[in-house]
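Descriptive structure summary
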Amino acid sequence: MKSSMYLASIVAIAAASPAFAQSDNAGMDSDYFSGPYVSASLNGDFVNDSGSERIVFDPTGGENFQINLPTATGANAFSPGYCAGEALGSQRVQGCGDDDSALGGSIRAGYDARVGNFAVAGVLLEGTLGGATDYTTGFSTTPASYTFSREVEGSAALRGRLGISPGDGRGLLYATGGVVYGKIDHDFATTNTANAFEVIDEDDWQFGGQIGMGGELMITDNLSFGVEYLHTRYNDDDTYVRVTQGTAPATNPFVRQGGTTNMRLSNQDLSIDSFRATVGFHF
């Protein structure tokens, strides 16, 4: 929902801009934003999730995931509930912390070309390090807590950008979008000391999509400063946790049906919002 609102904003800007640009730019031929460039950015990254995230289970060790983990009496072993954060204790009443935002950095190389008097079209290749951490925690009746975490350690992206450069051509307002390939680090923590837990596909490379918008201003003939918002979504669907008996009794909910339970996050999309300050050198 949030990403579609941003997309609507981008479309509105793009639709309103040509008339404004034509009135100010008639006959203007600018050399700004025309040719190759390199830039770097400082990024503030934030997890984009909802409070409805939870853990799902297959108590037979397969991929038929369900929302409840039944006990021997048929009750739900995770009836205390869930939170979209990191557990502060083994019980739900002790609460959860927030997801972790983070500072990161990016470098990019790109090429822009002016189209007519005011439009700019370009393509860029970008590498990014650092990212926010998404936490989801479930609580069992034991009591115990079970926390999944995932963080994008680094990524490479290929995006296009299309914008307008009104007035004397020193400024650029643009929309951007493309594909990204990121390394997602998964971790798992629990206060359950009876069962044994194994993270499958702990470090996983995943494709995703990006969409955003930004503005850039040429301070000199070669140096620019800018701001940018970027929404990234990965389809993070390979990682799960395998639970085996350990020292637990055979009546334990994780082992009573088939000896092994697989569990994963219900939301297999990982979404990050990034707010960036950029500096660029244009050749």
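Just so it is clear, the structure is predicted and the values come from calculations on it, not from any experiment. (Residues numbered from 1 in each chain as written. Predicted model: local features only at pLDDT ≥ 70, side-chain atom pairs only at ≥ 80, totals over all residues. Heavy atoms only, no water.)

Across all of its chains, the model carries 14 aromatic pairs by this definition. Judged by centre distance (5.0 Å) and plane angle (45 degrees), the ring pair of Phe78 and Tyr146 falls under tilted. Highlighted residues: Phe78 in the loop between β2 (55–58) and β3 (81–83) and Tyr146 in strand β7 (residues 144–164), separated in sequence by 68 residues. By the burial criterion, Phe78 is buried, and Tyr146 matches it. Aromatic pair Phe281 and Phe283: ring centres 5.2 Å apart, planes at 80 degrees, arrangement edge-to-face. Ring pairs connect the aromatic residues Phe57, Phe78, Tyr82, Tyr146, Phe148, Phe188, Phe197 and Phe254, which therefore count as one cluster. Its guanidinium or amino end placed over the ring of Tyr174, Arg161 lies 4.7 Å from that ring's centre, counting from NZ or CZ. We note Arg264 situated over the ring of Phe65; from NZ or CZ to the ring centre the distance is 4.4 Å. (Phe/Tyr/Trp six-rings, centres within 6.5 Å; stacked < 30°, edge-to-face > 60°. Helix = DSSP H or I, 4+ residues; strand = E, 2+ residues; numbered from the N terminus. Buried < 20%, exposed > 50% of the residue type's maximum accessible area, 1.4 Å probe, protein only. Lys NZ or Arg CZ within 6 Å of the ring centre and 35° of its normal.)

Spatially, the four strands line up as an open sheet ordered β2-β13-β12-β9, and their pairing is antiparallel. The open sheet terminates on both sides in strands that have one partner only, identified here as β2 and β9 (196–200). The sheet shows a mean angle of 25 degrees between the axes of neighbouring strands, taken without regard to direction. (Pairing = 2+ DSSP bridges. Axes fitted to C-alpha atoms, helices over the stretch in contact; angles between N-to-C directions.)

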